[in-house]
Structure formats: structure tokens, C-alpha cells
Amino acid sequence: MTRIAIVTGSTRDGRKNRQVAEWVLAKAQERDDAEFDLVDIADYHLPLLGEPAREQGVASVKEFSARMDEFDGFIFVTPEYNHSVSPALANALSYLKPELANKAAGIVSYGSAFGARAVEHLRGILSELQVAHVQKTGLFSLFVDFKDGAFAPSELQAASVLPVFDQVVLWAKALETVRAEAAVA
Ligand SMILES: Cc1cc2nc3c(=O)[nH]c(=O)nc-3n(C[C@H](O)[C@H](O)[C@H](O)COP(=O)(O)O)c2cc1C
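Residues numbered from 1 in each chain as written. Predicted model: local features only at pLDDT ≥ 70, side-chain atom pairs only at ≥ 80, totals over all residues. Heavy atoms only, no water.

Caption draft 1: Layout of the packing of aromatic side chains. Within this structure, the stated rule accounts for 9 aromatic pairs. Each residue in the set W23, Y110, F140, F146 and F151 is aromatic and connected to the rest through ring pairs, giving one cluster. One residue, K16, lies across the ring of F146, its end atom 5.8 Å from the ring centre. (Phe/Tyr/Trp six-rings, centres within 6.5 Å; stacked < 30°, edge-to-face > 60°. Lys NZ or Arg CZ within 6 Å of the ring centre and 35° of its normal.)

Caption draft 2: The arrangement of the sheet that holds strand β5 (residues 131–141) in detail. Taken in spatial order, the 5 strands of this open sheet run β2-β1-β3-β4-β5, and their pairing is parallel. The two strands at the open ends of the sheet, each matched to only one other strand, are β2 (35–39) and β5. Across the sheet, the mean angle separating the axes of adjacent strands is 20° when strand polarity is ignored. Where strand β1 (residues 3–7) meets strand β3 (residues 73–79), 4 bridges bridge the pair, whose relative direction is parallel. Residue pairing for β3: I6 is matched across the bridge by I75. (Pairing = 2+ DSSP bridges. Helix = DSSP H or I, 4+ residues; strand = E, 2+ residues; numbered from the N terminus. Axes fitted to C-alpha atoms, helices over the stretch in contact; angles between N-to-C directions.)

Caption draft 3: View of the site of the ligand. The environment of the ligand is made up of 15 residues, and the closest members are S10, R12, Y81, Y110 and S112. In the model, an oxygen atom of the ligand is placed 2.9 Å from a nitrogen or oxygen of the N17 main chain. Between an oxygen atom of the ligand and a main-chain N or O atom of E80, the distance comes to 2.8 Å. Within the complex, the protein chains bury 73% of what would otherwise be the 620 Å² of accessible surface of the ligand. For the shell around the ligand, the residue count by class is 4 nonpolar, 6 polar and 5 charged. (Near = heavy atom within 4 Å. Polar contact = N/O pair within 3.5 Å; in protein donor to acceptor, adjacent residues only side chain to side chain. Areas by Shrake-Rupley, 256 points an atom, 1.4 Å probe, with all protein chains shown as cover. Nonpolar A, V, L, I, M, F, W, Y, C, P; charged D, E, K, R; others polar.)

Caption draft 4: Quick peek at the pairing of β3. Counting buried positions over the 7 residues of β3 gives 7, a clear majority of the element. Neither face of β3 is left uncovered, since the one carrying G73, I75, V77 and P79 and the one carrying F74, F76 and T78 both have all their residues buried. The pairing of β3 with strand β4 (residues 103–111) spans 7 bridges and is classified as parallel. By the bridge assignment for β4, T78 is matched with S109. With respect to chirality, the unit in which β3 leads through helix α3 (residues 87–94) into the neighbouring parallel β4 is right-handed. (Buried < 20%, exposed > 50% of the residue type's maximum accessible area, 1.4 Å probe, protein only. Right-handed = clockwise from strand over helix to strand, strands pointing away.)

Caption draft 5: The arrangement of unusual backbone geometry in detail. Here H45, not a glycine, exhibits a phi torsion of approximately 45°, which is positive. Examined against the element boundaries, H45 turns out to sit in the loop between β2 and α2 (55–69). Among the residues examined, H45 registers a relative accessible area of 63% and is labelled exposed. Backbone geometry places N82, a non-glycine residue, at a positive phi of 50°. As for its placement among the helices and strands, N82 is situated in the loop between β3 and α3.

Caption draft 6: Geometry of the environment of Q157. Secondary-structure assignment places Q157 in helix α5 (residues 155–158). Separated by 13 residues in sequence, Q157 and V144 place their C-alpha atoms 9.5 Å apart. Not counting the four nearest positions on each side in its chain, Q157 is found in contact with F114, L139, F140 and D145. Among the polar contacts listed, one links the side chain of Q157 to the backbone oxygen of L139, at a separation of 2.6 Å. (Contact = heavy atoms within 4.5 Å.)

Caption draft 7: Summary view of α2. For α2, spanning 15 residues, the distance from its first C-alpha to its last is 21 Å, which sits close to the expected 21 Å at 1.5 Å a residue. Buried within α2 are the following residues: G57, S60, V61, F64, S65, R67 and M68. Within α2, the buried residues cover an arc of 160° as seen down the axis, which keeps them to one side. Residues of α2 that are exposed and point over 90 degrees away from its buried face: E55 and K62. Taken together, the buried residues of α2 touch β1, β2, β3, α3 and β4. (Expected span 1.5 Å × (residues − 1). Arc of directions from axis to C-beta.)

Below, the structure written as C-alpha cells:
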């Protein structure tokens, strides 16, 4: 069965991210054409790339990369920080390359302008990591889709994630063939 990870994009204390990621996961799990699971980058306490390696940091990087390697595709749930992704997500992605290459990804974002600028930066990073990022994007507004800090998506924006699932599942399945070819090349 094709496996897709919903990946969090913030580790901030009091972050909104986890509830959005959990909502995306629940919505994805209404489908039966792939298996969906959550990968929370906060669980790994990843050191900043290039910091002197401490034993625990090395272990957490290995666990994170092994976990990401398990999946055929990804849906990154990103906030917008300074018109880009969070430092935590950029750092986490810096540890990965073969774990993501020739796999599919979709993006769900939120921000004052739906996180649209973070999406474009994330697309650049994913291109460099040889990830096939799909065209559709799930978009949520900090002003409309959260009520008193809780994620409460409007019907219109909630529907924006559905084509992301469609495209990621389709490309994740197709790219299994590409990865098999790459493995024997
Ligand atoms: C340093 C910093 C920079 C931010 N820059 C932006 C920004 O450029 N655009 C935006 O829409 N929101 C911006 N925000 C607001 C965040 O998107 C908002 O706090 C959001 O809840 C962050 O996601 P999180 O709670 O999951 O960490 C910024 C917040 C911080 C702390």
C-alpha cells in the first residue's frame, strides 16, 4: 500500500501547526487508496544543521531520516515565517535527500495571506531535493480559518486539500516505478 506522511512544519511552543496537521491527517484517512500517518518534526529535537554533533542529536537525525524513508509521498503542513517556511522545517529538510528523492509531495499552508509565499519557497527547496511537488495546494487563512486559536476551517478552504490528496496519491504511486528503475540503474 502506498504510504503518505503528513509532516508538521513548526516546532514552536504553542504552535498552531500540530492541530492543522492532525486535521489534514483525519481528512486524508477518509480515503482508502493510500495509508496516511503523521510525522511530527518536533518529536525529533533535531539539532541545527552544522552544530557540533552531540550523541542525542545524532540519534534523532538517524531516527528522523529512517522515518521519512518509510514513505512514498508527503504532505508538508507549513506556516509562513518571514514570507518563507519556518526555520525548523528548513532545518529538518536539510537533513534529507535520498529519503525524499523521486517521491511526491503536496503542501498545505496557513498564514495571513494563506501562507502562499511560504509555499513558493518550499517548492524551491523540494525541487532541489528532487521531489515531485504537485500543483494543487491546501490554503488556510490565519484570520478566517482559526477561531480563538483553534483550527476551524471554512468549508471552502477545507475543500482545498482534497485535490492535493488526489494528486499526491497519483504521483506517489507512479513514482514507485521510477524509484525501482533508479535502484537498478
Ligand atoms: C518570526 C515570525 C515571522 C512571521 N512572519 C510571517 C509572515 O511573513 N507571514 C505570515 O503570514 N505570518 C507570519 N508570522 C505569523 C505566523 O505565521 C503565525 O504565528 C503562525 O501561527 C505560525 O505557525 P505556528 O503557530 O504553527 O508556529 C510570523 C510569525 C513569527 C513568529
